[in-house]
Amino acid sequence: MHVYRSALLRFADDGSALYDEDGLLAVGPDEQGRQRVVAAGAWQALAHQYADHPVTHLPGRILAPGFVDMHIHFPQTDVIGSPADGLLPWLENYTFPHESRFVDPAYGAQVAGFFVDELLRNGVTTALTFATSHPASVDALFTEAQRRQLRLITGKVLQDRHSPDGVRDDTEQSLLDTEALIQRWHGVDRLGYAITPRFAPTSTPEQLRGAGELAARYPDVWIQSHVAENLDEIRWARELFPASRSYLAVYDDFGLMRERAVYAHCIHFDDDDRALMRDTGTVAAVSPTSNLFLGSGFFDYAGADRVGFGYGLASDVGGGTSFSPFHTMLAAYYVGREGQSKQGLSLSPRQLWWQHTAGAAQALGLAGVVGNLQPGCEADFVVLNPRATPLLERKTAQARNLDELLFALIVLGDDRLVEQTVISQAKYASRA
Ligand code: GUN
Ligand code: ZN
């Protein structure tokens, strides 16, 4: 058993933030040896139960749940910051040529190592990740995640048309590869598989149908794709699938909307699309830095809440510009204001933080497993140092309540704020 004494942030079931300025977090292995939260709360209330245990005292630090990134591309680590007029030229000029390099397993393994380091440096302890169309890229990332005991979900990208040589796959082989990877990796340690059609325009109807059949046959496997990100993309999808009611409905028509289906972006929706998300239990990965960088648009938070479908935050690296959950939360704050026709909807810092931890976990079907530090959760957490920079130190010292403290961290924070990331009691320092 490990006992920590520090400020402690976690979330109640209704999403409200719980904060103990002098908190206790006790962590110990379950019957399978997996590290879980045994107790969390005020030091005063709990310390007597742990009097026999050595205590790791972290004065001036904040323990908080590890962040959950709902949508990121590991092979786009080196695509960050590639400017383009919009999504489609960005894919054609930068992303597809770069992803073709992952045909080489050694290259994929090297990038996977860097990628996982970067997640951990930034405090991300669970990620739903695109690989490339090359099965070896999936093996490389799962291997690396398993080595660090990271909770990670990924899958081989399906793209059998409108894609250049080097990334385009073969319809039948792509489905055989997907099933073999599910059988090899899904449910092993903390790993999960996601059936991963890139987006409707780069898959034939046959490939989407096959993906939907696999999704029905393996109901606890995830599904991930992109939808309604960019106006040119939407026009193209509508031309290719004229029989479907909308771009989103294409996925439903092929059996790709259900619980554990996660669609990135979901910007240009009407209320029928929102209701389809809600009624199928499908969720959105809101990717604000990507949407701002590629000029895609603004996720409509009020529309999502009005109709009532689930969502959480995502970096979408490399369309997204940062691995840092703090940068993503700040961009979500900007987007929340803009998406409300500038009527001043302000997402609170607690809501933003929830969307990148417990809320994202809930959207992934992992509530009570990750993204929180309530008893029973897997013990993935970050140690934040609010004095990491002179301005953070000055600003956080003036915070009069939790909202002011969390806002200061969101607005001024980056990887420097994350002193340590702890997974299964293995400690990763953010700086070497
Ligand atoms: N749509 C299809 N592929 C991609 C991708 O790699 N990134 C983003 N942002 N959108 C996509
Ligand atoms: Zn993406």
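Before any of the text, the structure's been laid out above.
Residues numbered from 1 in each chain as written. Chains lettered and ligands numbered in written order. Predicted model: local features only at pLDDT ≥ 70, side-chain atom pairs only at ≥ 80, totals over all residues. Heavy atoms only, no water.

Caption draft 1: Fine view of unusual backbone geometry. Residue Gly318 is bonded to the preceding Val317 through a cis peptide linkage, with omega at 5°. Relative to the assigned elements, Gly318 resides in the loop between strand E13 (310-313) and helix H12 (325-339). Even without a glycine there, the phi angle at His162 is positive, about 50°. Along the chain, His162 turns up in the loop between strand E8 (157-158) and helix H5 (171-185). The exposure class assigned to His162 is partly exposed, which follows from its relative accessible area of 39%. (Helix = DSSP H or I, 4+ residues; strand = E, 2+ residues; numbered from the N terminus. Buried < 20%, exposed > 50% of the residue type's maximum accessible area, 1.4 Å probe, protein only.)

Caption draft 2: The arrangement of the site of ligand 1 in detail. Residues in close proximity to ligand 1 include His73, Gln76, Leu87, Trp90, Leu91, Arg198, Phe199, His226, Glu229, His265 and Asp316, which together make up its full environment. Interatomic distance of 3.4 Å between a side-chain N/O atom of His265 and a nitrogen atom of ligand 1. Asp316 is positioned with one of its side-chain polar atoms (N or O) 3.0 Å from a nitrogen atom of ligand 1. Coverage of ligand 1 by the protein amounts to 100% of the 280 Å² it exposes when considered alone. A majority-of-atoms criterion places ligand 1 in the largest cavity. Considering each element in turn, the shell around ligand 1 owes the most residues, 3 residues, to helix H2 (residues 87-99). Its residues assigned to classes, the shell around ligand 1 comprises 4 nonpolar, 4 polar and 3 charged. (Near = heavy atom within 4 Å. Polar contact = N/O pair within 3.5 Å; in protein donor to acceptor, adjacent residues only side chain to side chain. Areas by Shrake-Rupley, 256 points an atom, 1.4 Å probe, with all protein chains shown as cover. 1 Å grid on protein atoms, 1.4 Å probe; cavity = no way out; pocket = protein on both sides within 12 Å on 5 of 7 lines; lining within 4 Å. Sits in = over half its atoms within 2 Å of the grid points. Nonpolar A, V, L, I, M, F, W, Y, C, P; charged D, E, K, R; others polar.)

Caption draft 3: Structural view of the environment of Gly255. Its place among the elements puts Gly255 in the loop between helix H8 (247-253) and strand E11 (261-265). Residues Gly255 and Ala215, 40 residues apart in the sequence, show an inter-C-alpha distance of 7.4 Å. Here Gly255 is in contact with Gly212 and Ala215, once residues within four sequence places are set aside. (Contact = heavy atoms within 4.5 Å.)

Caption draft 4: Representation of the coordination of the zinc ion (ligand 2). Taken together, the protein donors to the zinc ion (ligand 2) comprise His71 (NE2), His73 (NE2), His226 (NE2) and Asp316 (OD), at separations of 2.0 to 2.3 Å. Bound by 4 donor atoms, the zinc ion (ligand 2) shows angles of 91 to 165° at the metal and therefore irregular coordination geometry. Counting gaps between the donor residues of the zinc ion (ligand 2) yields the pattern H-x1-H-x152-H-x89-D. Assessed through its relative accessible area of 2%, His73 is described here as buried. (Donors = N, O, S within 2.8 Å, 3.2 Å for Na, K, Ca; no water. Tetrahedral: all angles 85-135°; square planar, octahedral: opposite > 155°, others 65-115°.)

Caption draft 5: Broad picture of the packing of aromatic side chains. One pass over the structure, following the stated rule, counts 19 aromatic pairs. Summarising the aromatic geometry, the rings of Phe74 and Phe102 are spaced 5.6 Å apart at their centres and angled 90° between planes, so their arrangement reads as edge-to-face. On the criterion of sequence distance, the pair formed by Phe74 in the loop between strand E5 (67-73) and H2 and Phe102 in the loop between H2 and helix H3 (105-121) is long-range, its members being 28 residues apart. A single burial state applies to Phe74 and to Phe102, both of which are buried. Between the aromatic rings of Phe199 and Trp236, the centroid separation amounts to 6.3 Å while the plane-to-plane angle is 80°, which identifies the pairing as edge-to-face. With a gap of 37 residues between them, Phe199 in the loop between strand E9 (191-197) and helix H6 (205-217) and Trp236 in helix H7 (residues 231-240) connect regions that are remote in the sequence. On the basis of relative accessibility, which here comes to 3%, the residue Phe199 falls in the buried class. The class of Trp236 is partly exposed, set by a relative accessible area of 24%. Following the ring pairs from residue to residue traces out a cluster consisting of Phe74, Phe102, Tyr107, Phe115 and Phe323. It is Arg101 that lies over the ring of Tyr107; its NZ or CZ is 4.3 Å from the centre. Stacked on the ring of Trp222, the Lys or Arg Arg260 has its end atom at 3.9 Å from the ring centre. (Phe/Tyr/Trp six-rings, centres within 6.5 Å; stacked < 30°, edge-to-face > 60°. Lys NZ or Arg CZ within 6 Å of the ring centre and 35° of its normal.)

Caption draft 6: How the structure looks around the layout of surface pockets. Volume-wise, the largest pocket comes out at about 410 Å³. Looking at the largest pocket, it is lined by 22 residues, and the ones nearest its centre are Tyr19, Glu21, Ile62, Pro386 and Leu405. At the level of elements, strand E1 (2-11), strand E2 (17-29), strand E4 (55-65), helix H15 (390-397) and helix H16 (402-412) are the ones that each hand at least two residues to the lining of the largest pocket. When residues in the lining of the largest pocket are grouped by element, the largest group, 6 residues, is from E4. Split into classes, the residues belonging to the lining of the largest pocket amount to 10 nonpolar, 5 polar and 7 charged. Volume-wise, the second largest pocket comes out at about 150 Å³. Lining the second largest pocket are Phe11, Ala12, Asp13, Trp354, Ala358, Gln362, Ala367, Gly368, Asn372, Gln374 and Cys377. When grouped by side-chain class, the residues that make up the lining of the second largest pocket number 6 nonpolar, 4 polar and 1 charged. (Points joined across faces, edges and corners; volume = space filled by probe spheres on them.)

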